Amino acid sequence: MPVRAHLGLINTYSSLNIGDAAIYSALAALLGKEYEILAAVGDDPPRMMPGLVLCPALPVCDVYLSVGGDIFNNSREWFLTRRFLGNLSALMRYPDRTILFGQSIPASCHGFSFQLLVRCLRRLPAICVRDALSHRRLLAAGIQARLSYDTAFALQGSAPAREHARSLLRQEEIDPTQSALISVRPFSSMYRHNNERFVAGLARLCRLLADAGLRPLLLLQSLAHGPDHDAAVAAEIAAREPRARLVDPFHWAGGEVADWDLLMAIFQLVGLIIGVRYHTCVLALAAGRLPYNLHYSNKGRDLSERLGIPGIGVEHFDPDAQFQDILRTAERRWDPAAVRDHVGRSLRECLRILEEPGVSGRHHQ
């Protein structure tokens, strides 16, 4: 059997954020037959991510993919953060064989930080972003970027995960058809929204759902570092509305299935899905379900604008005003086939560019 080329994932974040873990597994699902997919994540121990070869440090590889989502966040608006500069440095280590795929350029990356990013991107052979605003910004800066969708759209849930989810919900005495799953997140300098207003709004939404006979389930989708940790904000909402309960896929998965796989299975079973976190909506859509999109940045807004997903920005959220719109998404299906196919084709088009003669040293004009 021929040795597969090594494809290294750079700018990885954490397997403790289910959205990021889903992206890494999606790349393995799309490319695992042709490439050995290598990644280094800082978690100890890392969560299950099928198809990936995890290593303490990334070795020299044949191809590199810059992955993740809003990795170019620069939270100190008029300065440059160490993390931002580190992500740029990773792009520049082997630029002639590095592709940027499925990422966004967040609003916090502007001015000098955006200029630096553009200077680095000019040296890459292929760039594909996941939202239209990022695409327009790069085109205006002279970067010949492609536009697709989030890489996690390529995932398809498994039968074992669906059986595991059914068994868990029975054990927890949760009737999924009479439940509403809501993802939460804290806000910080990365995404500037009013935390108190957000918590009060979601607590009110949980009260409305419970009064309507739907059990509110607060999803812990990330238990990663610093402000990217959902437990405290979920507990605060539950304290205000005791009929809400927490759902922790990291605990429930139990090492038997991947966290994202279990989450997709739960999405297929529950009656209603409200996504604050971006990948709640992406994974629900990939599982064939229509969520209500309570978005907080351009990547989430893009799902509503390009795919017609019902929703509203967090800054405009009024649970009483939007409650009937939210209820109308219950039990609705969505066909992910066209978007899944678009992601796969876009990735392969980017990789084909590396095989073209004269790619080495090519710059975007």
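What comes next concerns the included structure.

**Focus: the overall build of the protein chain**
Summing up its helical and strand segments, the protein chain has 13 helices and 13 strands in all. Here the protein chain has a C-alpha radius of gyration of 20 Å; the compact-globule value for 365 residues is 21 Å, and the two agree. For the protein chain, the C-alpha atoms occupy an extent of roughly 65 × 50 × 35 Å along the three principal directions. In the protein chain, the share of contacts with a sequence separation of at least 24, taken over all contacts with a separation of at least 6, comes to 74%. Carbon and sulfur atoms make up 52% of the accessible area of the protein chain, which totals about 14800 Å². Taking the 40 positively charged and 37 negatively charged side chains of the protein chain as two groups, their mean positions are separated by 5 Å.

**Re the nonpolar core**
Counting 103 residues, the largest nonpolar core has Leu9, Leu65, Phe153, Leu202, Ile274 and Leu283 as its most contacted members. If you tally residues by element for this core, the top one is helix α1 (residues 18–31), at 10 residues. Leaving out residues up to four positions away in the same chain, Leu65 has contacts with Leu7, Gly8, Leu9, Ile10, Leu27, Leu31, Ile99, Phe101 and Leu347. Counting 24 residues, the second-largest nonpolar core is a separate cluster that includes Cys61, Phe84, Cys109 and Val129.

**Structural notes on the packing of α1 against helix α9 (residues 259–269)**
For the pair α1 and α9, the least separation of the axes is 9 Å and the interaxial angle reads 105°. Judged by the angle between their axes, α1 and α9 are roughly perpendicular. Packed against α1, whose contacting residues are Ile18, Ala21, Ala22 and Ser25, the element α9 presents Asp259, Trp260 and Leu263 at the interface. Residues belonging to the contact of α1 with α9 are distributed by class as follows: five nonpolar, one polar and one charged.

**Remarks on the pattern of salt bridges**
One pass over the structure, following the stated rule, counts 19 salt bridges. For Arg166, the salt bridge goes to Glu163, with nearest N and O atoms at 3.9 Å. A residue pair is termed a helical-turn pair when its members lie 3 or 4 positions apart in one helix, as Arg166 and Glu163 do in helix α5 (residues 159–171) at three residues. Ionic pairing is found between Arg170 and Glu163, a salt bridge with its closest N-O pair at 3.9 Å. The partly exposed category is assigned to Glu163, whose relative accessible area is 44%. Through salt bridges with shared partners, a single network forms among Arg207, Asp211, Glu241 and Arg243.

**Considerations on the environment of Leu205**
Residue position: Leu205 is located in helix α6 (residues 195–211). In this structure the C-alpha to C-alpha distance between Leu205 and Thr81, which are 124 residues apart in sequence, comes to 36 Å. Setting aside anything within four residues of it in sequence, one finds Leu205 in contact with Ile182, Ile274, Phe317, Pro319, Phe323 and Ile326.

What counts and what doesn't
- Residues take numbers from 1 onward in each chain, read along the sequence in its written order.
- A pLDDT threshold of at least 70 governs which residues receive local features in this predicted model, and a stricter bar of 80 or more applies before side-chain atom pairs are shown or counted, although totals over entire chains, interfaces and linings include all residues.
- As a rule here, side-chain values come from all non-hydrogen atoms in the structure, and water together with hydrogens is ignored.
- Runs of H or I in DSSP of at least four residues are treated as helices and runs of E of at least two as strands, each being numbered from the N terminus.
- The size measure is the radius of gyration over C-alpha atoms, and the globule rule it meets is 2.2 Å times the number of residues to the 0.38 power.
- Note on contacts: a residue pair is in contact if any heavy atoms of the two residues lie within 4.5 Å.
- In short, Shrake-Rupley with a 1.4 Å probe defines the accessible areas, and a residue's cover is counted only from the protein chains shown.
- Just so you know, the count uses Lys and Arg for positive and Asp and Glu for negative, and it drops His and the chain ends.
- Throughout, a charge is located at the NZ atom of Lys, the CZ atom of Arg, the CG atom of Asp or the CD atom of Glu.
- Side-chain atoms within 4.5 Å are what join buried Ala, Val, Leu, Ile, Met, Phe, Trp, Tyr and Cys residues into a set we call a nonpolar core.
- Buried, partly exposed and exposed residues are distinguished by accessible area as a fraction of the type maximum, computed with a 1.4 Å probe on protein chains only: under 20%, between the cut-offs, and over 50%, respectively.
- Fitted lines through C-alpha atoms give the axes, limited to the stretch in contact for helices. The angle between two N-to-C directions lies from 0 to 180 degrees.
- In what follows, roughly perpendicular refers to angles from 65 to 115 degrees, roughly parallel to angles under 35, roughly antiparallel to angles over 145, and oblique to any angle outside these ranges.
- When residue character is reported, Ala, Val, Leu, Ile, Met, Phe, Trp, Tyr, Cys and Pro are called nonpolar, Asp, Glu, Lys and Arg charged, and the others, Gly included, polar.
- One speaks of a salt bridge when a side-chain nitrogen belonging to Lys or Arg is within 4 Å of a carboxyl oxygen belonging to Asp or Glu.

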